[in-house]
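Structural description and commentary
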Amino acid sequence: MQRNYSWRPGVLAAIAMTLLALFPQAHLWYARGGDWQGAYASFDGDETAYAAYLAALIDGRPRLNDPYAGTVDHAGEPLPESLFSIQFIPAYALALPARALGLDAHAVFIALPPLVAFAASLALYWLLLLLLKEERLAAVGVVLILCSGAFASGQGSLFAFTGRRAIPIFPPFLRRYVPSAPFPLLFLFIALVRRALATVAGERRKRWSSALAAGAVLAVLVFSYFYLWTTATAWLACLALLWLAAFRVGRDETRAWKVFGAVGALGALSLVPYALLLARRAPTMDTVQVLQQTRLPDLWRAPELIGYAALVLLAYGV
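So, here's what we can say about the structure.

Our focus in this paragraph is helix H8 (residues 183-197). Compared with an ideal rise of 1.5 Å per residue, which puts 15 residues at 21 Å, H8 spans 22 Å between its outermost C-alpha atoms and is within 8% of the ideal. Across the 15 residues of H8, 11 count as buried, placing the element largely inside the fold. If you check which residues of H8 are buried, you get Phe183, Pro184, Leu186, Phe187, Phe189, Ile190, Ala191, Leu192, Val193, Ala196 and Leu197.

Pasting the structure below:
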């Protein structure tokens, strides 16, 4: 019989992360008093550009607008696609409610970190519950994982103790509005795939609803943030390869491949309009934001070291 798990430890962990996310803004209010001028606390220079694009959408400007020059797309002088216009789902998900409620971009950026921290904590708690089957351990995992992001990305004041140059940045997942706004969807995607794969015979409706929901979440991530949807896709591909290597083909494995196929098909379909938008991108995207191509191995950075430690622990557990 399936056990009913309590969400209370997860909610407590979410409240703790929410309070942590509120700290920079609370400190600004305390330091500035009544002279804070409605400003939001920021740790990343990119947030200014994202706030400008969000403000343009709230004001009713079209999706194709330049937050730097203040220009908009029109018939006489069409604008190319940009980083902002391609990753448009988080912007509109924030702009439309803000317009309806009469909020400006500064108010949205103030409210977003605690909301994201709470939502990401609950999504991660659900995922860890599916994997660990233990509420308190899952709640501890929520705080540990979300607070370790700065360390894993080579940022944060902890590196000052190692003699390295420390980058004073808050948890990276709270950068607004990306990756913060779509960030909880990554954990939701993994949890939905896990739920679909864990179904047994006779749970066809649960399996397909979870798989289709996971595919829909992946499609949303495609138009949300490049590093989130590529992470989700790489994780899904690795899981499918490991599944193929670990299990013989049978009835249960056939159901699993149907899950992988459904999720992958929805994700692939979303890449068609995504490719069309990329084809109309501005030339500056290739010169300023292109990924570096190199054949040199880079095996000793913080993310790789954490990965090695995780593999050792998994091998020991097996």
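Looking now at empty space enclosed by the protein. Per the stated rule, a full pass over the model turns up one cavity of 30 Å³ or more. When its volume is computed, the largest cavity comes out at roughly 200 Å³. Lining the largest cavity are 18 residues, with Phe43, Glu47, Phe170, Leu174 and Arg176 sitting closest to its centre. Elements that contribute at least two residues to the lining of the largest cavity include exactly helix H1 (8-32) and helix H5 (105-132). Of the residues in the lining of the largest cavity, the class split is 12 nonpolar, two polar and four charged.

Attention now moves to the nonpolar core. With 73 residues, the main nonpolar core has Leu54, Phe109, Leu146, Tyr177, Phe189 and Val263 as its most contacted residues. Sorting elements by how many residues they give to this core places H5 first, with 15 residues. Setting aside its immediate chain neighbours within four residues, Leu146 contacts Met17, Ser121, Leu124, Pro171, Phe173, Phe183 and Phe187.

With that out of the way, let us pick up the side chain of Thr199. Along the chain, the position of Thr199 falls in the loop between H8 and helix H9 (204-222). Judged by its relative accessible area of 8%, Thr199 falls in the buried class. Only 2.8 Å separates the side chain of Thr199 from the backbone oxygen of Ala196, close enough to count as a polar contact. Not counting the four nearest positions on each side in its chain, Thr199 is found in contact with Lys206 and Arg207.

Definitions and cut-offs
Residues numbered from 1 in each chain as written. Predicted model: local features only at pLDDT ≥ 70, side-chain atom pairs only at ≥ 80, totals over all residues. Heavy atoms only, no water. Helix = DSSP H or I, 4+ residues; strand = E, 2+ residues; numbered from the N terminus. Expected span 1.5 Å × (residues − 1). Buried < 20%, exposed > 50% of the residue type's maximum accessible area, 1.4 Å probe, protein only. 1 Å grid on protein atoms, 1.4 Å probe; cavity = no way out; pocket = protein on both sides within 12 Å on 5 of 7 lines; lining within 4 Å. Points joined across faces, edges and corners; volume = space filled by probe spheres on them. Nonpolar A, V, L, I, M, F, W, Y, C, P; charged D, E, K, R; others polar. Core = buried A, V, L, I, M, F, W, Y, C linked by side-chain atoms within 4.5 Å. Contact = heavy atoms within 4.5 Å. Polar contact = N/O pair within 3.5 Å; in protein donor to acceptor, adjacent residues only side chain to side chain.

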